[in-house]
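Analysis of the macromolecular model
Listed below are the residues making up each chain.
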Amino acid sequence: MEWRHRFYDWRYQLRNWEPQWRAPRWGMVLLALVGVAFFVVLIGFMKMYIAQPVPDLAALRSGLNDDLGYATIVYTADGQELTRYYHENRTWVQFPDIGPTVTNALIATEDYRFYRHFGVDLRRFFGSIWKTFRGDPQGGSTIPMQFARNYYPDFKQHHVLWRKVKEVVAAIKFERHFEKEDLIELYLNTVPFGYDAYGIEAAAGTYFSKRARDLHAAEAAALVGMLKATTQYNPRLNPEPARQRRNLVMRLMVQHGYLPAAEYAALRETPIELDFLRSSVTSSPAPYFAEYVRTWLNDWAERNGYDPYNDGLRVYTTLDSRFQALAQAAVDSQLTALQTVVDYEWSVASPGLLGDQTPPYVRRSAAGRTDAFAYFWNSERALVNEHIRRTRRYRSMINSGIEPEAALETLHDDPVFSDSLRSWLTRLETGFLAINPHTGAVNAWVGGRDFLKDQYDHVILARRQPGSTFKPFVYAAALENGRSPNEKVRDIVRTYQVKGVRRTWTPNNVGGASGDTITVREGLMYSKNTVTAELMAQMGPEWVAYVARRMGIQSKMDEVPALALGTSDVTLLELVAAYTPFVEKGIYRKPLVVTHINNRSGERVATFTTEEREALPRFTAAEVLDMMRAVVDQGTGVRIRHQFQLGGGLAGKTGTTQNNADGWFMLMHPDLIMGSWVGFNDRRLTFRTSYWGQGAHNALFVVGDFLQRAYGAGLVAPNKTFETPGSNRPRAILTTTAEDQTVDD
């Protein structure tokens, strides 16, 4: 047992000796370690503080900071916002323009001791840590800390503890460099609000169609409430949770003295009244024009070193919002009525003419007595099947192994699919354009009935046969070549040989040829195909095509005799622009869509004016214009005077293509040139009656409705007339040889 006693004795001595050795030594080591750790943390904190960059507020305000994306804003000629192009929809707004309502809501909700701390609210910060450890997560971030989290996205990649450390460091540094108001400005211009809206100004415009400074208490509270969870408290997606969150913000405003209790009591039961307008092309009042400007701007920006989606450019266009609203109203009204016409015409096998106005068709449709396009859907099976084969649904079925015929039958029998396809295929479409002839400025642009349903722009993308609206170029070429408006021409049917091929062409008028001798002027006034073809034969299609190109027709023209009747496709944009020389004494002006561009700081970086050139001798232009005045006073376009009661100086031209596939109407006022096209996207689908298929009975309605509204709004002078040149009209006579000889008289 001796070894056991020795062990006990050794253990006793060790116990009595150990405190004498460990207490002083390990205490010193621990103290030293704590000191070293504190020193290391302090050095790291100082290094992090020094290395942490500080935003350049002046650069942010001026838009010269590349860390944030700024939306390019497009304006109309009368100062209205047209659209925005962006990756991040952001417009920087300085503190005085934010408004106290938003600022008070923010401070009361997110950081009520904002004006009393140094960037970190220690009481709230450590309190939130304690509550979080106890299972009640709390946010202890101040406004400067939240701004740091938003401005430096790399913070979010770190662990929560390390992220908080970096936020604290950044917040303290921000407090040293910025005034309190500057910190609020920085924060409110960088927070996201959903729908690509970044910053309070973009949010106010998106949700309430207002400036931030104009928000009232409930609206400001709703937006500030979204900062906690953008989606959860989105008033558009989740109106009730958003309303409850808004009320919480307002209660906090009352608690901290920013909102009277009586005002809160009056507002808390009210819903959030949105005036939602997402800043995108689809929500623009002129979406087709906005999309065209976007394409134009992309090209300009690439050539000049700008990013139209991040650089915050300010683009000023020629579009007038007042003209645009009238044009859209005219399109909506007239195309809705004309749709009832084609709905009826294709509903039965043999449609009769219900009248020479649209109301009978509208009434029949409203009464449910028209089974729209029922006859077409059954009788034009091949055409319908062709469109079915182009759909994604059909291709998906084929790729899955279904036989083509079975897929067609399945889709025919699917009511949802059939209704969708029928709605798209049978929708009557249009394009409308109005240009100021003196400047070339595009004042109104409607590319179709509904941009959301069909983004195909019938002003700039659609190329269709212009029909008789091309004839003025033939008459301009003839007059420039020495013919006179009063010269006599026989209204008879002739057959012409087409150059280079064994083919002939025998044009006739809709009502046949009279056999009478009429003037060149009457040939245009009554849109005589026979007279126009004879003039073409005497000059040659090459000369007519040359004159048309000078006047602004840019599309490829087939230089054949039938060109006289408008058989080569053109766009509405180039056709309307090509009529400017008639009004402007022979001067062609290229359409202008943008006048100037400013950068984010307001400095002008580009200015644009129209390109112009002499296209016709001035007296030739005046003579053709006078002949087209007769078109609307006595000829095929007389309905514009009678139905729409339009006075003043007007000149125009109707146009209809083969099988009534395209209806056109061009109208000139001394201060405005207007044009419209009406038809279907598939030109094989047409009006079924020759009456409604004429441009004088469809496209004319759109133009007439628009100008009637413009007269009524005082935007166009109703009594202004064209200038009349003197009676002595010098004319350059050019000798040409007809390339296509008459074969049969």
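The model shown is predicted, which means the values in this text are computed figures rather than measured ones. (Residues numbered from 1 in each chain as written. Predicted model: local features only at pLDDT ≥ 70, side-chain atom pairs only at ≥ 80, totals over all residues. Heavy atoms only, no water.)

Regarding the overall build of the chain
When you go through the chain residue by residue, the secondary structure sums to 29 helices and 19 strands. Within the chain, the fraction of its 745 residues that count as buried is 52%. Contacts in the chain between residues at least 24 apart in sequence constitute 71% of all its contacts with a sequence separation of at least 6. Total accessible area computed for the chain in this model is approximately 34300 Å², and 52% of it derives from carbon and sulfur atoms. (Helix = DSSP H or I, 4+ residues; strand = E, 2+ residues; numbered from the N terminus. Buried < 20%, exposed > 50% of the residue type's maximum accessible area, 1.4 Å probe, protein only. Contact = heavy atoms within 4.5 Å. Areas by Shrake-Rupley, 256 points an atom, 1.4 Å probe, with all protein chains shown as cover.)

Some thoughts on the nonpolar core
In terms of nonpolar packing, the biggest core is built from 79 residues, with Phe 473, Phe 582 and Met 668 touching the most fellow members. One finds Val 341, Leu 672, Val 678 and Val 703 within the second-largest nonpolar core, a separate group that totals 56 residues. (Core = buried A, V, L, I, M, F, W, Y, C linked by side-chain atoms within 4.5 Å.)

Topic: the sheet that holds strand β14 (residues 604-607)
Ordered by their spatial adjacency, five strands build an open sheet running β2-β1-β5-β13-β14, and the pairing between neighbours is mixed. Looking at strand neighbours, the two that pair on one side only are β2 (81-85) and β14, the edges of this open sheet. The average angle at which neighbouring strand axes cross in this sheet is 20°, direction not considered. The sheet contact formed by strand β5 (residues 314-317) and strand β13 (residues 594-598) spans four bridges and is antiparallel. (Pairing = 2+ DSSP bridges. Axes fitted to C-alpha atoms, helices over the stretch in contact; angles between N-to-C directions.)

Some words on the packing of aromatic side chains
Two aromatic rings, taken as a pair, are described by how far apart their centres are and by the angle between their planes. Overall, the coordinates contain 29 aromatic pairs when judged by the stated rule. Centre to centre, the rings of Trp 300 and Phe 608 are 6.4 Å apart; their planes meet at 75°, and the pair counts as edge-to-face. On the criterion of sequence distance, the pair formed by Trp 300 in helix α13 (residues 287-304) and Phe 608 in the loop between β14 and β15 (612-614) is long-range, its members being 308 residues apart. Across the pair, exposure class does not vary: Trp 300 and Phe 608 are buried alike. Judged by centre distance (5.3 Å) and plane angle (80°), the ring pair of Trp 346 and Phe 376 falls under edge-to-face. Taken as a pair, Trp 346 in the loop between α14 (321-345) and α15 (359-366) and Phe 376 in helix α16 (residues 374-379) lie far apart in primary sequence, 30 residues in all. For the pair Trp 346 and Phe 376, a shared accessibility class is recorded, and that class is buried. Feature note: the residues Tyr 344, Tyr 361, Phe 644, Tyr 691, Trp 692 and Phe 701 constitute an aromatic cluster, connected by ring pairs. (Phe/Tyr/Trp six-rings, centres within 6.5 Å; stacked < 30°, edge-to-face > 60°.)

A word on the confidence of the model for the chain
Looking at the chain as a whole, the pLDDT averages 86, with 84% of positions reaching at least 70. Every residue in residues 38-45 scores below 50 in pLDDT, and together they form two contacts with partners more than four places removed in sequence or on other chains. Confidence over residues 730-745 falls short of pLDDT 50; this stretch has 51 contacts with residues more than four positions distant or in other chains. (pLDDT = per-residue confidence, 0-100.)

Observations regarding the sheet that holds strand β16 (residues 651-656)
The strand order across the open sheet formed by five strands is β7-β6-β18-β17-β16, and the pairing between neighbours is antiparallel. Here the strands that pair on one side only, and so sit at the sheet edges, are β7 (442-446) and β16. Shown here is a sheet whose adjacent strand axes are inclined to one another by a mean of 5°, direction ignored. Strand direction decides the pairing type here: strand β6 (residues 429-435) and β7, joined by four bridges, are antiparallel. Looking at the pairing, Leu 433 lines up with Trp 445 of β7. Most of the contacts of helix α29 (residues 699-712) go to strand β18 (residues 672-679), to which it runs at about 145°, and overall it touches β6, β17 (662-669) and β18.

Side note on helix α19 (residues 404-413)
Among the residues making up α19, those that are buried are Ala 407, Leu 408, Leu 411 and His 412. Along the axis of α19, the buried positions cluster into a sector of 130°, meaning they face one direction only. Exposed residues on α19 whose side chains face more than 90 degrees from its buried face are Glu 405 and Asp 413. Structurally, α19 contributes buried residues whose contacts are with α16, α17 (381-389), α18 (392-399) and α20 (415-425). (Arc of directions from axis to C-beta.)

Some remarks on the packing of helix α4 (residues 100-110) against helix α10 (residues 217-225)
Orientation of α4 relative to α10, taken along the N-to-C sense of each, is 45°, at an axis distance of 9 Å. Compared by their axis directions, α4 and α10 come out oblique. The two elements α4 and α10 cross, and the hand of that crossing is right-handed. In this structure, α4 contributes Thr 101, Val 102, Ala 105, Leu 106 and Thr 109 to the contact, and α10 contributes Ala 217, Ala 220 and Val 224. Here the contact of α4 with α10 is composed, by residue class, of six nonpolar, two polar and no charged. (Parallel < 35°, antiparallel > 145°, perpendicular 65-115°, else oblique. Left-handed = near helix turned anticlockwise from the far one by under 90°. Nonpolar A, V, L, I, M, F, W, Y, C, P; charged D, E, K, R; others polar.)

Brief notes about the pairing of β6
The buried count for β6 comes to seven of seven residues, which makes it a mostly enclosed element. Both faces of β6 are covered, namely the face carrying Glu 429, Gly 431, Leu 433 and Ile 435 and the face carrying Thr 430, Phe 432 and Ala 434. Here β6 runs beside β18; their pairing, made up of seven bridges, is antiparallel. Among the inter-strand pairings, Glu 429 is bridged to a residue of β18, identified as Gly 679. The antiparallel hairpin formed by β6 and β7 contains six residues in its connecting segment, where Gly 440 sits at a positive phi of about 80°.

Details of the side chain of Thr 495
Looking at the secondary structure, you find Thr 495 in strand β9 (residues 495-497). Under the relative-accessibility criterion, Thr 495 is labelled buried at 14%. One polar contact links Thr 495 to Thr 506, side chain to side chain, over a distance of 2.7 Å. (Polar contact = N/O pair within 3.5 Å; in protein donor to acceptor, adjacent residues only side chain to side chain.)

What to know about the pairing of β14
Examined bridge by bridge, β13 and β14 share three bridges and lie antiparallel to one another. The residue of β14 that forms the bridge with His 596 is Thr 607. Joining the antiparallel neighbours β13 and β14 is a turn of five residues, in which Gly 602 adopts a positive phi near 90°.

Considering unusual backbone geometry
Backbone geometry places Asp 196, a non-glycine residue, at a positive phi of 65°. Relative to the elements of secondary structure, Asp 196 occurs in the loop between α8 (180-188) and β4 (197-198). Accessibility expressed as a relative area gives 33% for Asp 196, which makes it partly exposed. Of note in this structure, Phe 373 is not a glycine but carries a positive phi near 60°. Tracing the chain through its elements places Phe 373 in the loop between α15 and α16.

A word on the side chain of Ser 284
Residue placement: Ser 284 occurs in the loop between α12 (261-267) and α13. Here the side chain of Ser 284 touches Leu 82 through a polar contact of 2.9 Å, landing on its backbone oxygen. Engagement of the side chain of Ser 284 in a polar contact is seen with the backbone nitrogen of Ala 286, the distance being 3.1 Å. With near-sequence residues (within four places) excluded, Ser 284 lies in contact with Leu 82, Thr 83 and Ala 290.

Structural notes on α20
Phe 417, Ser 418, Leu 421 and Leu 425 are the residues of α20 that are buried. One face of α20 carries all of its buried residues, which in axial projection span an arc of 95°. Seen from the buried face of α20, the exposed residues on the opposite side, beyond 90 degrees, are Pro 415, Val 416, Asp 419 and Ser 420. Where the residues of α20 are buried, they touch α16, α17, α18 and α19. Looking at where α20 begins, the residue whose side-chain oxygen comes 3.1 Å from the main-chain nitrogen of Val 416 is Asp 414.

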